[in-house]
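So the chains spell out like this:
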Amino acid sequence: MNILGIESSCDETAAAVVRDGREILSNEIFSQADMHALYGGVVPEIASRNHITVISRLAGEAVRKAGLEKGDIDAIAVTAAPGLIGALLVGVNFAKGAALALGVPLIPVHHVRGHIAANYLAFPELEPPFLCLAISGGNTAIVDVRGYTDMSIIGATHDDAAGECFDKAARVLGLPYPGGLPLQNLAEGGDDRAFPLPHAKIDGHPYDMSFSGLKTAVINVIHNAQQKGETLDRAGLAASFQRAVSETLVPRTMDAARALGYDTVVVAGGVAANKRIRADFEAACRAENKRLFVPPLKLCGDNGAMIACQGYYEYLSGVTAGQELNAYATMDIDKAVF
Ligand code: KG4
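Since we're looking at a predicted model, the values are computed, not measured. (Residues numbered from 1 in each chain as written. Predicted model: local features only at pLDDT ≥ 70, side-chain atom pairs only at ≥ 80, totals over all residues. Heavy atoms only, no water.)

Chemist: Talk me through the environment of Gln184; I want residue IDs and the actual numbers.
Modeler: For Gln184, the location among the structural elements is in helix α6 (residues 180-187). Of note is the side chain of Gln184, whose polar atom sits 3.4 Å from the side chain of Asn274. (Helix = DSSP H or I, 4+ residues; strand = E, 2+ residues; numbered from the N terminus. Polar contact = N/O pair within 3.5 Å; in protein donor to acceptor, adjacent residues only side chain to side chain.)

Given below as structure tokens:
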């Protein structure tokens with residue numbers, strides 16, 4: 001079954017063709033990051049307007065590069081939640097038109113389920129159940145993945161997502177948007193104990209997280225140095241920040257895996273590209289003899305292949321939508337009903 005996956009939830013327009021859920025035939029991504037960098041973050045209207053200008057061309061390219069004709073597409077999968085509403089609507093509307101024109105099923109996909117599915121594309125042997133940490137620009141959650149379409153949230157952030165926190169910390173450090181990779185690069189060689197930064201805990205919710213205090217602490221360190229006219233150890237601050245984020249994410253995920261009896265840990269989403277977090281998970285999983293799956297860098301960020309992959313499993317479980325399909329800015333991963 002050839003599924004065309006469409007993704008437009010934020011600032012990447014993406015279209016891909018995946019065969020039988022696991023084999024990537026094409027994976028076209030148009031990143032608008034440069035256009036938003038000027039403003040230090042994603043401007044929703046600019047995102048929507050750019051999606052609408054490139055999405056048809058990108059989908060056509062995805063079919064062509066897959067070596068297929070339009071008539072070979074068996075279904076259209078599309079991110080319908082969560083994300084920027086105007087941006088999502090572009091993808092959903094395009095997918096509806098394509099499904100109608102081709103006479104094939106339309107499959108709505110939850111964006112974060114897609115991030116988790118990126119691992120199925122990279123690792124043929126991976127199957128649920130497992131514990132997953134989903135860390136992206138808009139979402140941060142520890143998810144009990146019982147089946148391809150059966151999952152529940154064990155813990156989540158109470159405020160900023162991990163990626164959002166990286167982007168905001170990077171911004172005050174004077175780094176370009178999106179800030180995750182530049183901050184990681186700045187942290188290379190920095191002393192990760194240079195600055196004591198907070199590791200917030202939520203009383204009574206051992207798997208939940210909070211990043212807003214960490215973000216404020218980074219801002220305060222920078223302002224204090226500016227006020228005193230001191231030269232800031234920027235590399236040390238970036239390294240200390242990464243340590244604080246990793247020490248928030250990794251132990252909670254490992255605790256949850258132990259509590260639920262999972263021997264497989266999966267990491268997903270844009271922030272899964274982070275070297276420090278990957279290294280800390282590798283060490284933690286090695287120490288506890290757990291299997292660890294983290295997607296290759298090219299599948300960590302937003303892409304259409306992950307949507308087509310998850311779309312395949314949604315379709316197998318009976319999920320399709322009609323022409324009345326809407327998009328939703330927020331939606332829990334365990335209540336993905338369209
Ligand atoms: O998954 P993604 O592409 O989009 C969402 O679904 O939100 O994630 C984007 C996020 C951004 O916040 C970006 O700064 C972060 O992933 N990111 C990183 C790295 N590469 C991307 N964060 C930390 N370290 C990285 N190497």
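That was the structure; now back to the text.
Chemist: So what's going on with the site of the ligand? Which residues, and what values?
Modeler: Around the ligand, a shell composed of 21 residues is seen, among which His111, Gly137, Asp167, Gln184 and Gly270 lie nearest. Here Gly137 contributes a backbone N or O atom positioned 2.8 Å from an oxygen atom of the ligand. Gly163 has a polar backbone atom sitting 3.1 Å from an oxygen atom of the ligand. Looking at the shell around the ligand residue by residue, the classes come out as six nonpolar, 13 polar and two charged. Shared between two domains, the shell around the ligand holds at least three residues of each, these being domain 1 (2-115 + 299-335) and domain 2 (127-297). (Near = heavy atom within 4 Å. Nonpolar A, V, L, I, M, F, W, Y, C, P; charged D, E, K, R; others polar. Domains from an automatic or database assignment.)

Chemist: Give a detailed account of the side chain of Asn303, specifying residues and quantitative values.
Modeler: When you line up the elements, Asn303 lands in the loop between α10 (297-300) and α11 (304-316). When its relative accessible area of 0% is taken as the criterion, Asn303 is described as buried. At a separation of 2.9 Å, a polar atom in the side chain of Asn303 contacts the main-chain carbonyl oxygen of Gly301. Here Met306 takes part through its backbone nitrogen, which lies 2.8 Å from a polar atom of the side chain of Asn303. Filtering out sequence-adjacent residues up to four positions away, Asn303 remains in contact with Glu7, Ala14, Asn27, Ile29 and Lys298. (Buried < 20%, exposed > 50% of the residue type's maximum accessible area, 1.4 Å probe, protein only. Contact = heavy atoms within 4.5 Å.)

Chemist: Summarise the packing of helix α2 (residues 44-65) against helix α3 (residues 85-102); cite the residues concerned and give the values.
Modeler: The axes of two packed helices give the description: the angle between them and the distance between them. Interhelical geometry of α2 versus α3 gives an angle of 25° and a closest axis separation of 9 Å. With respect to α3, the axis of α2 lies roughly parallel. The crossing of α2 and α3 is right-handed. Contacts between α2 and α3 pair Ser48, His51, Ile52, Ile55, Ser56 and Ala59 from the former with Gly86, Ala87, Val90, Gly91 and Phe94 from the latter. For the contact of α2 with α3, the per-class residue count stands at six nonpolar, five polar and no charged. (Axes fitted to C-alpha atoms, helices over the stretch in contact; angles between N-to-C directions. Parallel < 35°, antiparallel > 145°, perpendicular 65-115°, else oblique. Left-handed = near helix turned anticlockwise from the far one by under 90°.)

Chemist: Kindly report on the layout of surface pockets, identifying the contributing residues and their values.
Modeler: As a volume, the second largest pocket reaches approximately 180 Å³. Taken together, Leu4, Ser56, Ala59, Gly60, Val63, Lys70, Ile73, Phe94, Ala98 and Leu102 form the lining of the second largest pocket. Of all the secondary-structure elements, those providing two or more residues to the lining of the second largest pocket are α2 and α3. Among the elements that take part in the lining of the second largest pocket, α2 stands out by supplying four residues, more than any other. (1 Å grid on protein atoms, 1.4 Å probe; cavity = no way out; pocket = protein on both sides within 12 Å on 5 of 7 lines; lining within 4 Å. Points joined across faces, edges and corners; volume = space filled by probe spheres on them.)

Chemist: Describe in detail the nonpolar core, supporting the description with residues and values.
Modeler: Membership of the largest hydrophobic core comes to 46 residues, with the highest contact counts inside it found for Leu183, Leu197, Phe241 and Leu249. When contributions to this core are tallied by element, the ones reaching two or more residues are β6 (130-135), α5 (162-172), α6, α7 (212-228), α8 (234-260), β9 (264-268) and α9 (275-287). In terms of residues, this core owes the most to one element, α8, which gives 11 residues. Core analysis: the second largest hydrophobic core is formed by 34 residues, Ile107, Ile116, Ala268 and Phe293 among them. (Core = buried A, V, L, I, M, F, W, Y, C linked by side-chain atoms within 4.5 Å.)

Chemist: Which residues make up the sheet that holds β6, and what are the values?
Modeler: Within the open sheet, the five strands sit side by side as β8-β7-β6-β9-β10. Their pairing is mixed. The strands lining the two open edges of the sheet, one partner per strand, are β8 (150-156) and β10 (291-293). For this sheet, the mean inter-axis angle between neighbouring strands, taken without regard to orientation, is 25°. Bridge count between β6 and β9: four bridges; the pairing is parallel. Directly across from Leu131, in β9, lies its bridge partner Val265. Lying on the sheet, α8 is in contact with β6, β7 (140-147), β8 and β9; it crosses β6 at an angle near 155°. (Pairing = 2+ DSSP bridges.)

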